[in-house]
Structure formats: structure tokens, C-alpha cells
Amino acid sequence: MSLAAHSRSATRLRLPDILFTLALVAIAVVFFFPMLWMVFSSFKSNSSIFASPFALPTELDFGRWVEAWEIGHIGQYALNSAIVTGASVLAILLLGAAAAFAFSRYRFRGRNLLMGLLALGLLLPLQSYFIAQSTMFTDLAITDTRWALILPYTAMGLPLAVYLLKVYLDAVPDELFEAARIDGASDLRVFGSIALPLLRPGLATVAIFSALASWNEFLLALLYIQDDALKTIPTGLLAFSSRYVTDYGLLFSALSIVTLPMIVIYIVFNKQIVEGITAGSVK
Amino acid sequence: MKPNRRITPYLFLVPAMTVFGFAVLLPVIMTFGYSFTEWNGYGPMVFVGLDNYVKAANDVLFRDSFVHVLLYIFATIVLEVVVGLVLAGLVSVRRQGSLWFRVAIFTPVMLPMVVVAVLWAFVYNNDFGLLNAALHSLGLDDLQRVWLGDPATALLAVSVVSGWVFAGFYMTIFYAAFSQVPAEVIEAARLDGAGEWQLFRSIKVPMIRNAITVALLLCITGGFQGFDLFYVMTNGGPYGATEIPTTYLVKSVFTFGNVGYGSAMAVILTTVVVALGVAFTRANREKSEKVQP
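Residues numbered from 1 in each chain as written. Chains lettered and ligands numbered in written order. Predicted model: local features only at pLDDT ≥ 70, side-chain atom pairs only at ≥ 80, totals over all residues.

This part covers the overall build of chain A. In terms of regular secondary structure, chain A is built from 13 helices and zero strands. Counted from the first residue to the last, chain A has its helices and strands arranged as α-α-α-α-α-α-α-α-α-α-α-α-α. Expected size for 283 residues packed as a compact globule is a radius of gyration near 19 Å; at 24 Å, chain A overshoots this value by more than 25%. With the C-alpha coordinates aligned to their principal axes, the bounding extent of chain A is approximately 75 × 65 × 35 Å. Here chain A holds 283 residues, and 46% of them are scored as buried. Contacts in chain A between residues far apart in sequence, at least 24 positions, make up 80% of those at least 6 positions apart. (Helix = DSSP H or I, 4+ residues; strand = E, 2+ residues; numbered from the N terminus. Rg over C-alpha atoms; globule rule 2.2 N^0.38 Å. Buried ≥ 20, exposed ≤ 12 C-beta atoms within 10 Å, placed from the backbone. Contact = placed C-beta atoms within 7 Å.)

So, about the overall build of chain B. Across its full length, chain B carries 13 helices and two strands. When its C-alpha atoms are laid out on the principal axes, chain B stretches across 75 × 75 × 30 Å. In chain B, buried positions account for 47% of the 293 residues. Residue pairs at least 24 apart in sequence account for 73% of intrachain contacts in chain B once pairs closer than 6 positions are excluded.

What follows concerns helix α1 (residues 8-34) of chain B. With 27 residues, α1 of chain B extends 37 Å from end C-alpha to end C-alpha; this agrees with the ideal 39 Å at 1.5 Å per step. The largest bend in α1 of chain B amounts to roughly 50 degrees and is located at glycine 21 of chain B. (Expected span 1.5 Å × (residues − 1). Bend = angle between axes of the 7 residues up to and from the residue.)

Moving on: the interface of chain B and chain A. The partner chain A presents 83 residues to the 80 residues of chain B that form the contact. Per-element accounting of the side of chain B that touches chain A gives the leading share, 17 residues, to α1 of chain B. Class assignment of the residues belonging to the side of chain B that touches chain A gives a composition of 55 nonpolar, 16 polar and nine charged. (Nonpolar A, V, L, I, M, F, W, Y, C, P; charged D, E, K, R; others polar.)

With that settled, consider the domain arrangement of chain A. Residues and elements named next belong to chain A. Examined at the domain level, chain A breaks down into domain 1 (17-61) and domain 2 (72-281). With nine residues of domain 1 in contact, the opposing surface of domain 2 contributes seven residues. Sorting the residues of the side of domain 1 that touches domain 2 by element identifies α1 (17-41) and α2 (46-51) as the ones contributing at least two each. Considering each element in turn, the side of domain 1 that touches domain 2 owes the most residues, four residues, to α1. A per-class count over the side of domain 1 that touches domain 2 returns four nonpolar, four polar and one charged. (Domains from an automatic or database assignment.)

By the secondary structure assignment, glycine 163 of chain B is in helix α7 (residues 154-178). Contact partners of glycine 163 of chain B, with chain neighbours within four places excluded, come to Thr76, Leu79, Glu80 and Val83 of chain B.

Before going further, it helps to examine helix α10 (residues 209-224) of chain B. Relative to the 22 Å expected for 16 residues at 1.5 Å per residue, α10 of chain B spans 23 Å between its end C-alpha atoms, a close match to the ideal helical length. Taken together, the buried positions of α10 of chain B are Ala211, Ile212, Val214, Ala215, Leu217, Leu218, Cys219, Ile220, Gly223 and Phe224 of chain B.

What follows deals with the packing of helix α4 (residues 99-110) of chain B against α7 of chain B. Residue and element names in this part refer to chain B. Contact geometry of α4 with α7 gives a least axis separation of 7 Å together with a crossing angle of 115 degrees. On the basis of the axis angle, α4 is roughly perpendicular to α7. Relative to α7, the crossing made by α4 is left-handed. Only Trp164, Val165, Phe166, Ala167, Gly168, Phe169, Met171 and Thr172 of α7 make contact with α4, whose side of the interface consists of Ile105, Phe106, Pro108 and Val109. A per-class count over the contact of α4 with α7 returns 10 nonpolar, two polar and no charged. (Axes fitted to C-alpha atoms, helices over the stretch in contact; angles between N-to-C directions. Parallel < 35°, antiparallel > 145°, perpendicular 65-115°, else oblique. Left-handed = near helix turned anticlockwise from the far one by under 90°.)

Further remarks concern the environment of alanine 189 of chain B. Residue and element names in this part refer to chain B. Considering the arrangement of structural elements, one finds alanine 189 in helix α8 (residues 183-191). Through-space distance from the C-alpha of alanine 189 to that of isoleucine 203 is 8.1 Å; in sequence the pair is 14 residues apart. Residues in contact with alanine 189, not counting those within four places in the same chain, are Ala194, Leu199 and Ile203.

This brings us to unusual backbone geometry. With an omega of -10 degrees, the peptide bond between glycine 237 of chain B and proline 238 of chain B qualifies as cis. For aspartate 144 of chain A, which is not a glycine, the phi torsion comes out positive at approximately 60 degrees. With respect to the helices, strands and loops of the structure, aspartate 144 of chain A is situated in the loop between α6 (130-139) and α7 (147-170). Given 15 C-beta atoms within 10 Å, aspartate 144 of chain A falls into the partly exposed group.

All names here are of chain B. Averaged over every residue, the pLDDT of chain B is 89; residues scoring 70 or more account for 95%. Per-residue pLDDT, averaged within each element of chain B, yields its smallest value for α4 (85) and its largest for α1 (96). Per-residue pLDDT stays below 50 along residues 288-293; that stretch engages in 13 contacts with residues further than four places along the chain or on separate chains. Our summary of model confidence lists the complex with pTM equal to 0.89 and ipTM equal to 0.89. (pLDDT = per-residue confidence, 0-100.)

If you want it as C-alpha cells, here you go:
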């Protein structure tokens, strides 16, 4: 997955440079405009949103943002998302690395069958299991607990995680593991002190796409969590938008609060995120 | 040489396989089982054989939902994959200094679809929405619509939002693929006097054909699984104009309690998605080498 950056020779452009840049700017503005409008509107009153939708806000008052965060529970939803996402990603990394280690370093009975089952997980859509999953979770009384999200998010993330991490481990020369084993290291030690450190770049990629998938997941969160105190950002925001259905300034504040950190995160980690997302999709 | 120890590998696998088996495999099998029953989720379960499948085949609403999702997929192939390809082509003309552009186009991919859906419901709002306001200020009042409330425009309106989100995603995939096209090839074509458009059309695009195939697969199978945007923006309305299989089956199961029938529809949908996935993977494997992201 090397994004082999080929030497880019200084090329002479046929299109005049300035015109070309202007075209890019125009496209970017069109794409970005809804988000700008969202942020501007969060500083406006309902009447000015109606009267002059394109006008810049007259003052930057973050009062509505604070209100959305505290009174509107956006803070609570963000915390819930962080807990669920954090737990799922940790579980995916740990269980995924262990499984990849087993598949990569050992030959054993049932290996192909188990790998095949996991590979099936790469193809199966959510629709193939969420109906029975919801009746199971209801029977086990784990709906309206965080487990109802952590378990399926972990299960959904594992197939791709195992597949990618196995590719990384397969590339590691056997001698490295053999040497440790001859030195008397146990299997668990070999995994913990040799495999895991070697896997670090792979784990980072897996962490990114797993985190984004968990953070943004909606359908299962909608089905399994009715308790407002446990809602994650997607379902929480939906509840928020029906609670404050006509308070547009507040709604735009909530949307902005959720959106802006993601833009910052993208600007800072864009290389890793692009790698993670494309690896996560081209499966 | 790989060591051949009896229990160790299984110990490493138990946690992952347990979670995966419990939360995915078991429910897949159970959903398949439910599809042959009539059941409301808690009362007695009655075995009805293939009745649910026969019912699905004759259900006009279910058939319509497939028509809608096919139209949606067709629209998103244009709005996501084709637009993404053109944007990637533009950016790859000059590779440096395009980060700001990629940030602007890619950001929506990062957002929860619910956020996108709520935001765009505002863009389409007929009282103060950005779209109608823009049409008004351009003097095009005749074109103003109740975008999400009009059966003629609702499906297209949702598709445009999908395009807004995923054009940047496909642009990113194609941009990565373009940067793997050997610079010498491009230099040679330039020396032969090829313009940027010719370069794009006859050299760059053909050379990333595998990436395009993968993108089409993602767009099509992803389209069949669409839910979030539809649920938040229209939930199947107006008058069923945007009802897609997933919104329809969620309603059947969770609103009307038809677990058996919903499961049969889920199995049909799953079969379509898995079959397409397998077919595309086969087709791509037969072609020489795979494109790495």
C-alpha cells in the first residue's frame, strides 16, 4: 500500500495557472459552502437565518454552542461516542492482532475454515444479521447498555483488521520469531514483545478506520439504544434535532460542534486517515 | 517453517472468533432461519416455508424499493465515482499544494451521515434553505422546489447529498491510484504533444482501471446498504418515493413486527450484495494485477 510518490517533474501546464487555481477554488467553495453556512448560521437568530441566509453573522457569540453542549446533551453524546469507540477500537486491535498472529504463524486444523468465515465477514452487509442480533440482544437484556454497541462494532471491525494485520505479519521473516523461540520465549511473549511492536503501523491504520466506523455508526445505535443518557453522536443528534426542531441557531450550533473537530482531525492526520479509509474500503 | 503446536493457535483465536461468531455469524444463521417463519418477535413462531419469499416477490412496495435503490445507485455512480474521477484528474494535474482542496472535498466523508442529513435537510428547507435562497437570489424562482417533499425530486435530492459526501472519497482513491502511474509514461505522452485532457482520458484513466472497478463495486454494494441518509431525510417518503430495501425492511420488522417477512427481505438483499461482491472480486482477480490502495 505504498503511495509511491513518483518524482514529479516540474511540468509546463497548458492551462494558465491562475485560471486553473481559480477553478479549483470555485469547486472547493461550492463543496465547502454548506459547512460555512452551517457555522455562520449557528451565530444567528432564527429571524436573520430566514431574512438573510447568506449574510455573515454580526457577532461571534458562542453562547449557543455552550447551550447545545450542556443543555442539549451534545457533550454527553460525545462522551458516549468516545467510550463506545474507544472500547471497540481497543478490542478490535487486541483480538484482531491475536487472531492475525495465529493465522500467520501457525498451521492448524480448521485454519482455512476459520479464515474463510472471517473473510465472509468482509462481504456480509449489516442487513444480513441485524434483525436476529436485535432479538438476541433483547433476550439477553443488553439493549440499552454500551455492550449492545461495543460487541457488534468489535465484531464488524474484526474481519478487515485480521486480514490487514495478517498481511503485515506474513511479511515478517520467520527467523525473527524463531530466534526468540530458541531463546526460550513463550508464545505469548513472542506475540507481545515481537509481533505487536512490528505491527504498529498496521495497528494505526486499523485504529483509524475502526474508530471512524464506530464513531459514525447509526442503524444499530438507533435500534439498540433508547436511553438518552447512553446515545452516541449520530442518534443523539437526531434526538436533539427533534427536541429543538424550530431552534435553528441551536441546531446549527450542535452540527458545528460535531463537524469542526473532524475537520481539524483530518487536517492534522490526513495522511493516516486517507490510508486508513482507503485500506478500509478497498477490502 | 511454521511451528505446529496443538492448542496455542486456538487460544489466540478464541476471543476474536467468539465475538465474531456471537455478534455476526450466529445472527446471520438465525436471520436465515427466521425468514421461513411468521413471527412478531415475541409470540409463537410459525414455520411457513417459502411463503415470505413468495410474498416478497409479489410485494409491489418491495419491488419499488429495489427500483429506487437502483436509480439511486445509478445516480451515485455518476455523482460519486465519475465526479470523483474528474476531481482526482484535476488535482493530479498539479500534485503539490492541493491539500486545502482535498480537505474541502474530503471533509464530509469524516462526518456521521446523520450530521450530513440534518445539515442538508436545512439546505433543502423550503423556508430558509440554502438552495432555494440561492435560486431566488439568481432570479431563478421558477426552479424553487420543496426538494425533499416532492416525489419527483426527493430521490435525486438524496443522491446529490450522497454525491457531496462520497465524491471526495472516490477522489482520494483515484488520486492515490493516479500517483502510481509512472511519471515516465506521462512525460513521454507530454513530449508527444498530448494535452491534459488527452492525458487524462487516454493514459491516466485506462491505467487505473482496477481502482475504478473497485470503486464501482464499493459504490454499488454500498448503495444497496444505504440507510442513514434516507432514514433521516425522508424515511421513505414522500409517498414512498424514496423507500429503499433497508428502510422498508426496518419498518417491516421494527414498526410492524413482521420479523419473518423482514428477515426474508434481508436474506434477498444479502444474496444480492454478496453475489455482486463475489462476481466483482472474481472479475478483478482474473485481470492481471491488483491495485493496492
